[in-house]
Amino acid sequence: MEFNYSCSQCSKTFAIRPELTLCPDCSKNQAEDQPLSGVLEVELHGAASEGFDVFDLLPVEAEYFPPAPVGNTPLWEPKNLREHTGFHRLFIKDDGANPTSSFKDRASFLVSAFAKKFDIQDIALASTGNAGSSMAGIGAAAGQAITLFLPEAAPAAKLVQALQYGATVYRVKGNYDLAYDISLEFSQRKGGMNRNTAYNPMTIEGKKTVSLELFKQLGQAPDVVFVSVGDGCILSGVYKGFRDLLQLGLISTMPKIIGVQAENSSAMCRALATGRFEAVPTFTVADSICVDVPRNGFHALAQVKKFKGSLMTVSDEEIIQAQAKLSASTGLFTEPAGAAAFAGFLKTLPELDPQASIVVLATGNGLKDSEAARRGINVPATLITSIDDIL
Ligand SMILES: *Cc1c(COP(=O)(O)O)cnc(C)c1O
């Protein structure tokens, strides 16, 4: 396989090298409070058979991979849910089973390998929590130094996780958007690699592995995929994996991808309707998809339009209810952002074909934010002292 970069806006191609992050031409038109201009995609050239190895479709050689078992996450066949809903080809892809318990490990894995290949020891990033704890963990496995900028509202577990892995953590008095800007400036001044989502092309490329795995696990592409959307990198990554499979002739149609956002953090949905991105302050119980300006907004939206995907919103109440329903009916406890995708499935159910094969991406483990999960349950208020208190 051969690989190069291609600009998602002007289609100019470039050799892959670590200093190049955005298209030098298109990024000149970067407007304030707007998604990134000139996001680069990886293009592959070559052939592969059905039995391909997922790693062979990545643009960094296996010798540089960090020693952490990322990906190959379980595909659940939820029996009770299938019976309750009548959807007998419903699957849940449990990406909370990754080493640091979120989907972000797919991106961190490839970024770590990319840095290693070019002898880069320092990696910096901003994160709402999961990307940071992920890069910290994968970096620890690879022996790399991670500097993380974390907004003050990040859930405690994600902060603790990053510190446990030995990252240098700066807590930002402000939101993710401010942390993002500070981290970029840090990298520009201090050097090293920056792993910010969409800015580093390996983030989207690493995330494509989920689609390649789904193809392998199902023996074909699913009909529909539900995915929660914040910055839109997972969404683009899911598309990229299936696009590679289309290009290689291994599948013949693009699955329908349904992106799910929180009602009060829905920049992508609004942009699909209005044609433009507006930075409005956002809030949602699903911290991992709480984003004012989706960094990968232009790129992700273009994919949705081109491949006739769709975008929808769910309320925080629907997310919290869906989270508890998924836990209690399947035994899979996912964080609110992961539950948002499931809430999207539940809300769309009447319009879906019950014969279709449907995958819901559960993007993070529920223990990452147990405070949020308390909202969907009743914690017993009284304490008992003996069996007589309950019988
Ligand atoms: C980051 C994240 C998302 C959203 O991914 P984007 O690429 O920002 O759209 C969804 N779920 C979880 C658990 C995440 O950590």
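Predicted model, so just to flag it, every value in this text is computed and none were measured.

This part covers the overall build of the chain. The helix and strand inventory of the chain stands at 13 helices and 13 strands. Rg of the C-alpha trace for the chain: 20 Å, near the compact-globule value of 21 Å for 391 residues, within the 12% margin. Taken over the C-alpha atoms alone, the chain extends approximately 70 × 45 × 45 Å along its principal axes. Taking all 391 residues of the chain together, the buried fraction comes to 59%. Restricting the contact set of the chain to residue pairs at least 6 apart, pairs at least 24 apart contribute 71%. About 16100 Å² of surface is accessible on the chain, with carbon and sulfur atoms providing 51% of the total. Across the chain, the mean location of the 34 positive side-chain charges is 3 Å away from that of the 42 negative side-chain charges.

Looking now at helix 5 (residues 176-190). With 15 residues, helix 5 extends 21 Å between its outermost C-alpha atoms, agreeing within 8% with the 21 Å of an ideal straight helix rising 1.5 Å per residue. For helix 5, every residue scored as buried is listed here: Tyr176, Asp177, Ala179, Tyr180, Ser183, Leu184 and Ser187. End-on, the buried residues of helix 5 take up no more than an arc of 155°, which puts them together on one face. Within helix 5, the exposed residues directed more than 90 degrees away from the buried face are Gln188, Arg189 and Lys190. In this structure, the buried side of helix 5 is in contact with strand 6 (122-126), strand 7 (145-151), strand 8 (168-172) and strand 9 (193-194). One side-chain oxygen of the residue at the start of helix 5 lies 3.2 Å from the amide nitrogen of aspartate 177, identifying that residue as asparagine 175.

Another point: the site of the ligand. Around the ligand, 16 residues are found, and the nearest of them are Lys104, Asn130, Gly230, Asp231 and Thr363. Side-chain polar atom of lysine 207 to an oxygen atom of the ligand: 3.4 Å apart, as the coordinates give it. Within the contact set of the ligand, an oxygen atom lies 2.7 Å away from a backbone nitrogen or oxygen of glycine 230. Considered on its own, the ligand offers 380 Å² of accessible surface; in the complex 98% of this is hidden by protein.

Relative to the helices and strands, glycine 46 resides in the loop between strand 3 (40-45) and strand 4 (75-76). For glycine 46 and phenylalanine 3, which are 43 residues apart along the polypeptide, the C-alpha to C-alpha distance reads 9.0 Å.

Moving on to the sheet that holds strand 1 (residues 2-7). Spatially, the 3 strands line up as an open sheet ordered 2-1-3, and their pairing is antiparallel. Looking at which strands have only one partner, the edges of the open sheet turn out to be strand 2 (13-14) and strand 3.

Positive phi, close to 50°, is recorded for asparagine 72, a residue that is not glycine. Residue placement: asparagine 72 occurs in the loop between strand 3 and strand 4. Judged by relative accessible area, asparagine 72 falls into the exposed class, the value being 68%. Of note in the backbone geometry, aspartate 119 takes a positive phi value of approximately 55° without being a glycine.

Here we take up the packing of aromatic side chains. Throughout the structure, instances matching the rule amount to 13 aromatic pairs. When the ring of phenylalanine 149 is compared with that of tyrosine 170, the centres are 5.3 Å apart and the planes differ by 25°; the resulting orientation is stacked. With a gap of 21 residues between them, phenylalanine 149 in strand 7 and tyrosine 170 in strand 8 connect regions that are remote in the sequence. Residue classification places phenylalanine 149 among the buried positions, given a relative accessible area of 5%. Here phenylalanine 277 and phenylalanine 298 contribute two aromatic rings whose centre-to-centre distance is 5.5 Å and whose plane-to-plane angle is 80°, an arrangement assigned as edge-to-face. A residue pair is termed long-range when its members are at least 10 positions apart, and phenylalanine 277 in the loop between helix 9 (267-274) and helix 10 (297-306) and phenylalanine 298 in helix 10 qualify at 21 residues. In this structure phenylalanine 277 comes out as buried when scored by relative accessible area, which is 8%. Aromatic ring contacts, followed pair by pair, group Phe87, Phe226, Phe342 and Phe345 into a single cluster.

So, on to the packing of helix 11 (residues 316-330) against helix 12 (residues 336-348). Running from N to C, helix 11 and helix 12 cross one another at 95°; their axes reach a closest spacing of 8 Å. Taken as axis vectors, helix 11 and helix 12 run roughly perpendicular relative to one another. Between helix 11, through Glu318, Ile319, Ala322, Gln323, Lys325 and Leu326, and helix 12, the contact on the second element is made entirely by Pro336, Ala339, Ala340, Phe342, Ala343, Leu346 and Lys347.

What follows concerns the side chain of aspartate 292. Along the chain, aspartate 292 turns up in the loop between helix 9 and helix 10. It turns out aspartate 292 is buried and unbridged, and the closest side chain with the opposite charge, arginine 295, is 7.6 Å from it. Of the polar contacts made by the side chain of aspartate 292, one reaches the side chain of asparagine 175; its length is 3.3 Å. Non-local contacts of aspartate 292, meaning those with residues more than four positions away in its chain, are made with Asn175, Asp177, Ala267, Glu278, Ala279, Val280, Pro281 and Thr282.

This part takes up the nonpolar core. Core analysis: the largest hydrophobic core is formed by 39 residues, its most contacted members being Leu235, Phe242 and Leu361. Those elements that place two or more of their residues in this core are helix 7 (209-218), strand 10 (224-228), helix 8 (233-247), helix 9, helix 10 and strand 13 (358-362). No other element matches helix 8, which puts 6 residues into this core. Not counting the four nearest positions on each side in its chain, phenylalanine 242 is found in contact with Ser211, Leu214, Ala221, Pro222, Val225, Ile251, Met254, Pro255 and Ile257. Core analysis: the next-biggest nonpolar cluster, separate from the first, contains 36 residues, Leu58, Val111, Ile120 and Val169 among them.

Reading guide: rules and limits
Residues numbered from 1 in each chain as written. Predicted model: local features only at pLDDT ≥ 70, side-chain atom pairs only at ≥ 80, totals over all residues. Heavy atoms only, no water. Helix = DSSP H or I, 4+ residues; strand = E, 2+ residues; numbered from the N terminus. Rg over C-alpha atoms; globule rule 2.2 N^0.38 Å. Buried < 20%, exposed > 50% of the residue type's maximum accessible area, 1.4 Å probe, protein only. Contact = heavy atoms within 4.5 Å. Areas by Shrake-Rupley, 256 points an atom, 1.4 Å probe, with all protein chains shown as cover. Lys, Arg positive; Asp, Glu negative; His and termini not counted. Charge placed at Lys NZ, Arg CZ, Asp CG, Glu CD. Expected span 1.5 Å × (residues − 1). Arc of directions from axis to C-beta. Polar contact = N/O pair within 3.5 Å; in protein donor to acceptor, adjacent residues only side chain to side chain. Near = heavy atom within 4 Å. Pairing = 2+ DSSP bridges. Phe/Tyr/Trp six-rings, centres within 6.5 Å; stacked < 30°, edge-to-face > 60°. Axes fitted to C-alpha atoms, helices over the stretch in contact; angles between N-to-C directions. Parallel < 35°, antiparallel > 145°, perpendicular 65-115°, else oblique. Salt bridge = Lys/Arg side-chain N within 4 Å of Asp/Glu carboxyl O. Core = buried A, V, L, I, M, F, W, Y, C linked by side-chain atoms within 4.5 Å.

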